[in-house]
Amino acid sequence: MLGLMQEWPLLCHKLIDNAERQHGRREIVSRSIEGPIVRSTYAEIHHRALKVAERLERDGFGLGDRIATLAWNTARHIEAWYGIMGVGAIYHTLNPRLFPEQITWIMNNAEDKAVFVDLTFLPLLEKIAGAVKSLKQVIVLTDEAHMPETALPNVVAYEEWLAQADGNFAWKTFDENTAAGMCYTSGTTGDPKGVLYSHRSNVLHAMIEAMPDAMGLSSRDTILPVVPMFHANAWGLAQSAPMIGAKLVMPGCKMDGASIYELLDTEKVTFSAAVPTVWMMLLQHLEETGKKLPYLQKVVIGGASCPRAITTKFQDNYDVQVVHAWGMTEMSPLGTLCTLKPDYAGLKGEARLGVQQKQGFTPFGIEMKVTDDAGNELPWDGKTFGRLKVRGPAVARAYYGGIGAEQFDQDGWFDTGDVAHINPGGYMQITDRAKDVIKSGGEWISTIELENLAVGHPDVAEAAAIGIPHSKWGERPLLVVVRKPGREPTKTDILAFMDGKVAKWWMPDDVAFVGEIPHTAAGKIQKITLRQQFRDYHLPTD
Ligand code: ADP
């Protein structure tokens, strides 16, 4: 017998409809690409998104078409997203930090038919557009007055294009499993892989995200998503904020400490989310200027392991709650968040920090397990680490085009490529990427743990651990260190600092000092390049 409840397909345009109805006057403030701070509301965004949909349809775009965006976080980018989804097309966020050849490859793989592009990225698009055969139209996210000269064919200024619509448009309706968005993983190994979100997965992800023990968002919040929309959907905030009616503050192209601080302060931001590097820049700015954060209540930190120093500074010096989080493009992207269950809520000092170093537990809607290489599930004992696998309604079940099938098993589990352990309380801790883990004498050494420990040294700016071939042990750890400007820590200083804080056999066999550590387009340490750099390195212990 079937239940007798209504069919109400989970479609993304319902999020913006709800924002307009219930929170129409709530603001969306953007640092525009042209310069000034501009203000809009959910009611205006809703109306303009309808116009985007109307215009797209008139230009011949519709169900299933991939429409790219090459843009920063602004209100215009959000309007474009909802307009694209509302006509049944698929927003495809491009990461401008990739090499032009990679972007060309991705656009061709996705067969993007049109692209919304920020002024900043027009020169980049000019270089590659000719090589993207499917591309029919370029919409520059600006007005006529700021429209630059360009040799690109079929180009139009967004505001001029939008002015030719009146917004008298009804969203298209279709099955909730219809594709809504697309994002390629940065591809640290092999070609980038396309992840295809559905309307249903986006809506469910927004609901999961807003829950109190996830990000805990409400209509009273003012949210600043520093994490870009092209980086795994701005971690879902472009959907969960309209869903709950929070004010949104969009940082545009400026993510340095002073610019982020200005928005946090003038817009009275209560909640923000970004990768550790961004927070490092903000904290440095605060230390240099002596400024405080009177409005900010909570920051979500993820994308890479959050150094202990960031957590302590936010909590002790600025009274801001830190929520460490883990996820990936394939998971829309949320996986776990480190809020405190009752057993941990009363912890203080080091004990509390120890829990907060973990990536946290899964909210309802995400399942996880760790297995050995043969697929046997490992115990939740907080120390046995293995491959981290996940499933849920907002987790990919395949990549676009069917590649990478080996990462998905027949029981619906997705192998994340991360290595982790889970404690009896359900808290997961990432110890490595499967391909980065150091295998010494058949045992695994966590590079993340070594790195986190090393950056705790006051004279260390950045550290990366890699495995170097060793005749006896197979591999042994080498710690690569960037010193803080004006500081001269030695190998002995650093090893003495680490001594006793990890197992003896985990201690690096050597320390190498470099001027810079290579990073990926997503700002993560590029271990492949680093390993290549140290290919001929000979450990003194060998
Ligand atoms: P890519 O997989 O190409 O690096 P993503 O942006 O999807 O692109 O990154 C997901 C990966 O980032 C995770 O699989 C994990 O390795 C890493 N990651 C994300 N958050 C954290 C975190 N809090 N701690 C450690 N690693 C993290």
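Residues numbered from 1 in each chain as written. Predicted model: local features only at pLDDT ≥ 70, side-chain atom pairs only at ≥ 80, totals over all residues. Heavy atoms only, no water.

**Some remarks on the packing of helix 1 (residues 13-23) against helix 2 (residues 42-58)**
Move 1: At a minimum axis separation of 8 Å, helix 1 and helix 2 run at an interaxial angle of 145°. Where helix 1 crosses over helix 2, the handedness of that crossing is left-handed. From helix 1, I16, D17, A19, E20 and H23 reach across to helix 2, where they touch Y42, A43, I45 and H46.
Move 2: Partitioned by chemical class, the residues of the contact of helix 1 with helix 2 number 5 nonpolar, 2 polar and 2 charged. (Axes fitted to C-alpha atoms, helices over the stretch in contact; angles between N-to-C directions. Helix = DSSP H or I, 4+ residues; strand = E, 2+ residues; numbered from the N terminus. Left-handed = near helix turned anticlockwise from the far one by under 90°. Contact = heavy atoms within 4.5 Å. Nonpolar A, V, L, I, M, F, W, Y, C, P; charged D, E, K, R; others polar.)

**Describing the sheet that holds strand 18 (residues 414-422)**
Sheet strands associate in pairs through backbone hydrogen bonding, adopting either a parallel or an antiparallel arrangement.
Move 1: An order of 16-17-18-19 is seen for the 4 strands of this open sheet, with the pairing classed as antiparallel. On the outer flanks of this sheet lie strand 16 (367-371) and strand 19 (428-433), each paired with one strand and no other. Across the sheet, the axes of successive neighbouring strands diverge by a mean angle of 45°, strand direction being ignored.
Move 2: Pairing of strand 16 with strand 17 (residues 386-391) involves 5 bridges; the strand directions are antiparallel. Bridging from a neighbouring strand, T371 pairs with R387 of strand 17. (Pairing = 2+ DSSP bridges.)

**Regarding the nonpolar core**
Move 1: Within the largest apolar cluster, 144 residues are counted, with the highest numbers of intra-cluster contacts made by F116 and F314.
Move 2: Setting aside residues no more than four positions away along its own chain, F116 makes contact with V52, L56, I67, A68, T69, L70, A80, I84, I139, L141, Y158 and W161. (Core = buried A, V, L, I, M, F, W, Y, C linked by side-chain atoms within 4.5 Å. Buried < 20%, exposed > 50% of the residue type's maximum accessible area, 1.4 Å probe, protein only.)

**Points about the site of the ligand**
Move 1: Around the ligand, the structure places 16 residues, and the nearest of them are A325, T329, D418, R433 and K524.
Move 2: At 3.2 Å, a backbone N or O of S305 approaches a nitrogen atom of the ligand.
Move 3: Within the side chain of H324, one N or O atom sits 3.1 Å away from a nitrogen atom of the ligand.
Move 4: Here the ligand has 560 Å² of accessible area as a free molecule, and 94% of this is covered by the chains.
Move 5: At 4 residues, the largest contribution of residues to the shell around the ligand is made by strand 14 (residues 321-327).
Move 6: The residue inventory of the shell around the ligand, partitioned by class, reads 4 nonpolar, 9 polar and 3 charged. (Near = heavy atom within 4 Å. Polar contact = N/O pair within 3.5 Å; in protein donor to acceptor, adjacent residues only side chain to side chain. Areas by Shrake-Rupley, 256 points an atom, 1.4 Å probe, with all protein chains shown as cover.)

**Here we look at the sheet that holds strand 8 (residues 179-184)**
Move 1: One open sheet accounts for 7 strands, arranged 7-6-5-3-4-8-9; its pairing is mixed. A single partner strand is all that each edge strand has here, and the edge strands are strand 7 (155-157) and strand 9 (194-198). Pairwise comparison of adjacent strand axes, ignoring direction, gives a mean angle of 20° for this sheet.
Move 2: With 4 bridges connecting them, strand 5 (residues 114-117) and strand 6 (residues 137-140) associate as parallel partners. Residue V117 lies in a different strand from strand 6, and its bridge partner there is V140.

**So, the domain arrangement of the protein chain**
Move 1: Annotation of the protein chain at the domain level lists domain 1 (13-253), domain 2 (365-433) and domain 3 (438-533).
Move 2: A separation of 26 Å is found between the C-alpha centroids of domain 2 and domain 3.
Move 3: Across the boundary between the two partners, domain 2 contributes 7 residues, which contact 7 residues of domain 3.
Move 4: Of the roughly 560 Å² buried at the junction of domain 2 and domain 3 (both faces included), carbon and sulfur atoms supply 61%.
Move 5: Of all residues in domain 2, F385, T431 and D432 bury the most surface against domain 3, accounting for 66% of the area lost on that side.
Move 6: On the surface where domain 2 and domain 3 come into contact, there are 0 salt bridges.
Move 7: For the pair domain 2 and domain 3, the number of links is 2 residue pairs in polar contact (both at pLDDT 80 or more).
Move 8: Top element by residues in the side of domain 2 that touches domain 3 is strand 19. It accounts for 3 residues.
Move 9: Its residues placed into classes, the side of domain 2 that touches domain 3 shows 3 nonpolar, 2 polar and 2 charged. (Domains from an automatic or database assignment. Buried area = accessible area lost by both parts, 1.4 Å probe. Salt bridge = Lys/Arg side-chain N within 4 Å of Asp/Glu carboxyl O.)

**A look at helix 15 (residues 491-498)**
Move 1: Taken residue by residue, helix 15 has I494, L495 and M498 as its buried positions. Projected down its long axis, helix 15 shows its buried positions confined to an angular sector of 95°, all on one face. Turned more than 90 degrees away from the buried face of helix 15 sit T492 and A496, all of them exposed.
Move 2: Just downstream of helix 15 lies G500, where phi reads positive at about 90°. (Arc of directions from axis to C-beta.)

**Description of the packing of helix 9 (residues 257-266) against helix 10 (residues 276-289)**
Move 1: Helix 10 packs onto helix 9 with a crossing angle of 80° between their chain directions and a minimal axis gap of 8 Å. Between helix 9 and helix 10, the angle falls in the class roughly perpendicular. Of the residues in helix 10, those touching helix 9 at G257, A258, I260, Y261 and L264 are M281, L282, H285 and L286.
Move 2: A class-by-class count of the residues in the contact of helix 9 with helix 10 yields 7 nonpolar, 2 polar and no charged. (Parallel < 35°, antiparallel > 145°, perpendicular 65-115°, else oblique.)

**Details of helix 3 (residues 75-86)**
Move 1: With 12 residues, helix 3 extends 16 Å between its outermost C-alpha atoms, agreeing within 8% with the 16 Å of an ideal straight helix rising 1.5 Å per residue.
Move 2: Across the 12 residues that make up helix 3, a large majority, 12, are buried.
Move 3: Within the span of helix 3, buried status applies to A75, R76, H77, I78, E79, A80, W81, Y82, G83, I84, M85 and G86.
Move 4: Directly beyond the C-terminal end of helix 3, a positive phi value near 90° is found at G88. (Expected span 1.5 Å × (residues − 1).)

**Here we look at unusual backbone geometry**
Move 1: Of note, the amide linkage connecting S332 to P333 takes the cis form, showing an omega dihedral of 15°.
Move 2: Locating P333 in the fold gives a position in the loop between strand 14 and strand 15 (334-337).
Move 3: Even without being glycine, A232 reaches a positive phi, approximately 50°.
Move 4: Mapped onto the elements of the fold, A232 is located in the loop between strand 10 (222-225) and helix 8 (237-244).
Move 5: You can call A232 buried: its relative accessible area is 4%.
Move 6: Even without being a glycine, A234 presents a positive backbone phi close to 50°.
Move 7: As for its position among the elements, A234 is in the loop between strand 10 and helix 8.

**Notes on the environment of L340**
Move 1: Looking at the secondary structure, you find L340 in the loop between strand 15 and helix 12 (342-345).
Move 2: Those residues in contact with L340, other than ones at most four positions away along the chain, are A345, R352, V355 and Y427.

**Describing the packing of aromatic side chains**
For any two aromatic rings, the description comes down to two numbers: the centre-to-centre distance and the angle of the planes.
Move 1: In total, this model carries 15 aromatic pairs according to the counting rule given.
Move 2: Each ring, one from W81 and one from Y91, has its centre 4.0 Å from the other, and the planes form 20°; the classification is stacked. Taken together, the residues W81 in helix 3 and Y91 in strand 4 (residues 90-93) connect sequence positions 10 residues apart.
Move 3: Take Y91: its relative accessible area is 0%, and that puts it in the buried class.
Move 4: By way of ring pairs, the aromatic residues W72, F121 and F230 are connected into one cluster.
Move 5: Sitting over the ring of W8, K14 keeps its end group 4.1 Å from the ring centre.
Move 6: A cation sits over an aromatic face here: K501 above F497, 3.9 Å from the ring centre. (Phe/Tyr/Trp six-rings, centres within 6.5 Å; stacked < 30°, edge-to-face > 60°. Lys NZ or Arg CZ within 6 Å of the ring centre and 35° of its normal.)

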